[in-house]
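One letter stands for each residue in the lines below.
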Amino acid sequence: MDARRGSLPVPRVRQVGFFTPNAQPAPTRSQSGPPDSSSPPLSDSPASNSLSPVMIPPPRHHSDNLAAAPRPTSPLPVPEPSPFRRRGADNNNALLVGSYNPAETLLAMSPSSSHVGDGESEETMSGGWFRRSNSGKLASSLPSGTFDFSPVQSTAEALKPNKVQNPVGISAPKEQQPEAPSSSKQPKPKLTKAERRALQESQRAAKAAAKAGGGKSVAAPEEVATIKSVKQHQTQKKDAPQVAVSVAASERKGGDKSQEKERRKDAPAPRMQFDDKSRVEKAKRRSVVDQTEAKKRVELFRHLPQYEHGTQLADLESKFLQLDPMHPAIYKVGLQYLAGDISGGNARCIAMLQAFQQVVKDYSTPPEKTLPRDLTAKISSYVSFFTQCRPLSMSMGNAIRFLKNRIAKLSPSLSESESKSSICTDIDRFINEKIVLADRVIVQHASSKVKDGDVLLVYGSSCVVEMVLLHSHELGKQFRVIVVDSRPKLEGKALLRRLVAKGVHCTYTHINAVSYVMHEVTKVFLGASSVLSNGTVYSRVGTACVAMVAHAFRVPVIICCEAYKFHERVQLDSICSNELGDPDAIGKVPGRMDVNYLNDVSNSGNLQLLNLMYDATPADYVSMIVTDYGMIPPTSVPVIVREYRRDHLLI
Amino acid sequence: MDFQVVVLAGGTSKELVPLVSKEVPKPLLPVANRPVLSYVLEQLELSNLKDLIVVVEGEDAALRVGGWISGAYVDRLHVEVAAVPEDVGTAGALRAIAHHLTANDILVVSGDLVSDVPPGAVAAAHRRHDAVVTTMLCSTPISGPAESGSAGAKDKIKKPKRFNIIGLDPTKQFLLYIASGAEVEKDLHIPKSILRAVGQMDIQADLMDAHLYAFKRAVLQEVLEQKPNFHSLRQDVLPYLVRTQLKSEILLNGTPQAEENGHEKFTSRGNQAIISQILANASTPRFHEVYESIHNGSPTAQRTHKCCAYIASNSKYCVRLNSIQAFSDINRDVIGEANHLSGYSFSAHNNIIHPSADLGSKTTVGPHCMLGEGSLMGDKCSVKRSVIGRHCRIGSNVKIVNSVVMDHVTLGDGCSIQGSIVCSNVQIQERVVLRDCQIGAGFVVSAGSEHKGESLARKEK
């Protein structure tokens, strides 16, 4: 298979984020870089996107490199003239670095969560980011070698167990600053002593908590919280500067925890790995839906949730009236997800949003609670219910984030009814602008690509593609459609039925014949569940195959996808994130009970059935993506994500 | 969850004479020493349905039922007891209280249902399909005493078997045809239109209607209003709704649409249409929608509504107390195989003997038995698979097998009671032999008499 276009450079992926093109790849950066830089995959960042990508990194890298420059990057960083003071300083900062880094990346990745949480308006954002940049400098101005410092650090700590926050420790960053800021272009905001101290301590507390928690997931959200806690405790510190460290720390821990809880509600939790037994157990205890884990799971996909199908629905139905806090509209939609009555990205998203709208309408703030917080918490619980019914699609994640953002941004001066109606209007606008209008624009664009005499190949059943076909047909264009379908869902049948009813000339075939029919095809139209920022198209399983065959036959592949389905995640395969369907579905033919050739075999332990729902089509196979912002090559997806995402969140 | 519950408790049912009387209306008939209505109420309470309307036939009965409910569930349930005249039928009873109904959906439960199927399951199925009516179907219970050798079983076999014929779609979610056993003589008439629309119908004769329905309120009220001669839910309303599901005569007034799309003012019509189109295309079309879409083009646009069925799984217990046979079956099962329903804790011998009950020497109470409080038993008695109520006085050498003995019964020495039901305040003198009998309340069986398969009751004055 020869590529018609030159294959796209792979490393462009890394250019997307916050790296200046001229920053020399410092060896130390990789060290100070977070080990889990991709850990919050769902997190999304209006703020980070709103910042020009050039702005954050330069001071950091420069100072980083500067700090690293005089020193050899030896693992033992004790080369300073005054080892004791350095050590003390380093010790303090070592903690800082160690504990801070994940936070930094988390901030960089997902400041949206922090925003949603504090409800800071846009104006305060700059302040927040100043603070952030400053702390970033604090961290990066240190020798990155301190990572290997733990033995020394422990001795240092043993030397002065009680005086961890002695003046030396505090003045240390001050001393260092003159070295670093000479090159840093950012004007440094003035931190008061108390503020700085508070920051350090909170970070230390966070680290202790992280250690106690033992999971990095504990650490990550908490550190986001510290930024805010700094502000909070600042006043407290001024009042009682003499408070013993341990007391203060524990106090802070308590404070952080409550905040962290809030935070966690907003921030999309790191995707659960379902091969982690203890976590699965925990989640099970929490879950509403009683799920029995499937026994025979394919080894490679153990990390994905897979449950015994069949029992869930009955179980959930029987609990219908017992779950008090669940709104009936939510319950209905959840049941429909679970039963498979609703499928397809747009429909699921609309159904969910309409259910939320119903919730908001029937919502009344309980006493002693505020609407934004309580409603957000409620919606989070509903979302987790939906997730239990069926894993959320990325488009739904985007919509949820939008909704939460709108709720958080509600002005506190609004009355309850006003805020409710404003949320409802927002939801309506989201549906209209992001889905309905977007679809119209896509249809306009895409049908301009349909010419007389075309033979169009479509796969599965995508509602946008269907609209494109119908619209082109209404325009009087003469074309033929080949509907390619695949087992076990056979979604193409419904599409075929509707197309034929409208008088479109159709051919129906299964995916095994795709290479045969591809000879006559002139264009391939495909839908997508999501388009990722490296141009990968995440779509119904089989799409990649169709796209690959089309590419081999030099047939243009046109993806129709609304921009609200774009996601900044980068995914290279369809293994790490996917959805597993009912494995029994592949062995059975619907409506034919007598066709059960796999029945006797599937009971033996050697056969494991795998029913993947999605796959990832590499950008190489995609000629064009039609979205509401126009027709773009797959390489331009990050631009859309970056430039319009903020816009999209604020609508 | 926006469900209103109506419990149709019934009154003095004719089928259960002589068990029921003016004093003991059907809802208060004891099953394992608890009124049968309590089984339904507790099941509803488990499902968080605490606002109930209990409809009782007859003023007296309503007073008694109301008195019992207010005593037993005083702070647990919020129950309204409504009395309707006798012989109005289930539909008539609902018609009488129709103006009390306000919620979107109504759950109608028969008061004589002894079941552990959660009503929520029916409600959920109803909501999920947005159906007009959802009915619970359960497998027909195997009636007759457990011992196949007994004479009772042979009698039953001789009776002509009547099946309830129920037609379901291949997914077993929609009700396509229903005919109760009494109506089916020799032939069935199934409209061709429904077969054409669905393509395949499964006809089952092993299911029975459990009298647990979820109705859309608007539809129910409309049907009851428009068809004043409808007498029974099961025989009139449900078959009517099932029959007309493809050519719906009910003017739904666009109720479901209007209610759901209250936010129309924000969205233009066109957008609304697109949204509903997207939603409709995403879901796998049921035959209703397909049928509608096929006929949409024609001048006579057909409207459809959905009738769903929820089939209780076989592991669940679900029986209606609507015959004397069912009464003894339920009593047997509730202290036997379905003993989780009774709410009592069983002893090591798998029976319940109230601590205040007094047993004579050499008296044995076997498994699956129940002995109410304050009952006295003489020497050398033997009780097997039976329920004995409160404050009974039982002499010596009495044998009770497969029977139900209610409260305040006096049994003389040397009696033998098999497969019988003895109501409250009955006096049975010495050496009476009863087999498959029903003794009405307050009756006196004279000494030494022998009865087999009889129904004895006091003459009504």
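Here, every reference points to the structure presented above.
To keep things clear, this report deals only with the structure shown in the data block. (Residues numbered from 1 in each chain as written. Chains lettered and ligands numbered in written order. Predicted model: local features only at pLDDT ≥ 70, side-chain atom pairs only at ≥ 80, totals over all residues. Heavy atoms only, no water.)

## Regarding the overall build of chain A
Regarding its fold elements, chain A presents 26 helices and eleven strands. Relative to its 651 residues, chain A shows a buried fraction of 54%. When contacts within chain A are restricted to residue pairs at least 6 apart in sequence, those whose partners lie at least 24 apart make up 82%. As presented, chain A carries roughly 28200 Å² of accessible surface, and 57% of it is formed by carbon and sulfur atoms. (Helix = DSSP H or I, 4+ residues; strand = E, 2+ residues; numbered from the N terminus. Buried < 20%, exposed > 50% of the residue type's maximum accessible area, 1.4 Å probe, protein only. Contact = heavy atoms within 4.5 Å. Areas by Shrake-Rupley, 256 points an atom, 1.4 Å probe, with all protein chains shown as cover.)

## Here we look at the overall build of chain B
Within chain B one finds twelve helices and 33 strands. When burial is assessed residue by residue, chain B has 54% of its 461 residues classed as buried. Contacts in chain B between residues far apart in sequence, at least 24 positions, make up 55% of those at least 6 positions apart. Split by element, the accessible area of chain B, about 20600 Å² in all, is 50% carbon and sulfur.

## Observations regarding helix α8 (residues 233–243) of chain B
Among all positions in α8(B), only B:Leu233, B:Val237, B:Leu238, B:Pro239, B:Tyr240, B:Leu241 and B:Val242 are buried. In this structure B:Ser232 caps α8(B), since a side-chain oxygen of it lies 3.1 Å from the backbone nitrogen of B:Arg234. (Polar contact = N/O pair within 3.5 Å; in protein donor to acceptor, adjacent residues only side chain to side chain.)

## Quick word on the sheet that holds strand β6 (residues 105–110) of chain B
Residue and element names in this part refer to chain B. Reading across from one edge, β5-β4-β1-β6-β12-β8-β13 is the order of the seven strands in this open sheet, with mixed pairing throughout. Sheet topology places β5 (78–84) and β13 (307–311) at the edges, where each strand pairs with a single neighbour. Between one strand and the next, the sheet's axes are offset by a mean angle of 25°, whatever the strand orientation. As judged from the seven bridges shared by strand β4 (residues 51–57) and β5, these two strands associate in the parallel manner. Each residue of the ladder has a partner; that of Asp51, found in β5, is His78. (Pairing = 2+ DSSP bridges. Axes fitted to C-alpha atoms, helices over the stretch in contact; angles between N-to-C directions.)

## Structural notes on the nonpolar core
Ranked by size, the top nonpolar core spans 90 residues in total, and within it B:Leu29, B:Met136, B:Phe327, B:Ile394, B:Ile428 and B:Ile439 carry the most contacts. Here this core takes six residues from helix α1 (residues 36–46) of chain B, the largest share from any one element. When neighbours within four sequence positions are excluded, B:Phe327 is seen to be in contact with B:Leu19, B:Leu29, B:Pro30, B:Val31, B:Leu321, B:Val404, B:Met406 and B:Ile421. A:Phe356, A:Leu410, A:Ile427 and A:Leu469 belong to the second largest nonpolar core, which has 72 residues in total. (Core = buried A, V, L, I, M, F, W, Y, C linked by side-chain atoms within 4.5 Å.)

## Considerations on the pairing of strand β12 (residues 207–216) of chain B
Residue and element names in this part refer to chain B. With ten of its ten residues buried, β12 lies for the most part within the structure. With five bridges connecting them, β6 and β12 associate as antiparallel partners. Within β12, the position partnered with Leu107 by the bridge is Ala214.

## Some thoughts on the sheet that holds strand β16 (residues 358–359) of chain B
Residue and element names in this part refer to chain B. Strand order across the open sheet formed by six strands is β16-β19-β22-β25-β28-β31, with parallel pairing between neighbours. Single-partner strands in this sheet number two, and they are β16 and β31 (444–445). Bridge analysis of strand β28 (residues 427–428) against β31 gives two bridges, and the strand direction is parallel. Note on β31: the bridge partner recorded for Ile428 is Val445.

## Re the packing of aromatic side chains
Applying the stated criterion across every chain, the model contains ten aromatic pairs over all chains. Arranged with centres 5.5 Å apart and planes meeting at 70°, the rings of B:Phe230 and B:Tyr240 form a pair that is edge-to-face. Highlighted residues: B:Phe230 in the loop between α7 (217–226) and α8 and B:Tyr240 in helix α8, separated in sequence by ten residues. One residue, A:Arg348, lies across the ring of A:Tyr337, its end atom 5.4 Å from the ring centre. Lying across the ring of A:Tyr614, A:Arg540 places its NZ or CZ 5.5 Å from the centre. (Phe/Tyr/Trp six-rings, centres within 6.5 Å; stacked < 30°, edge-to-face > 60°. Lys NZ or Arg CZ within 6 Å of the ring centre and 35° of its normal.)

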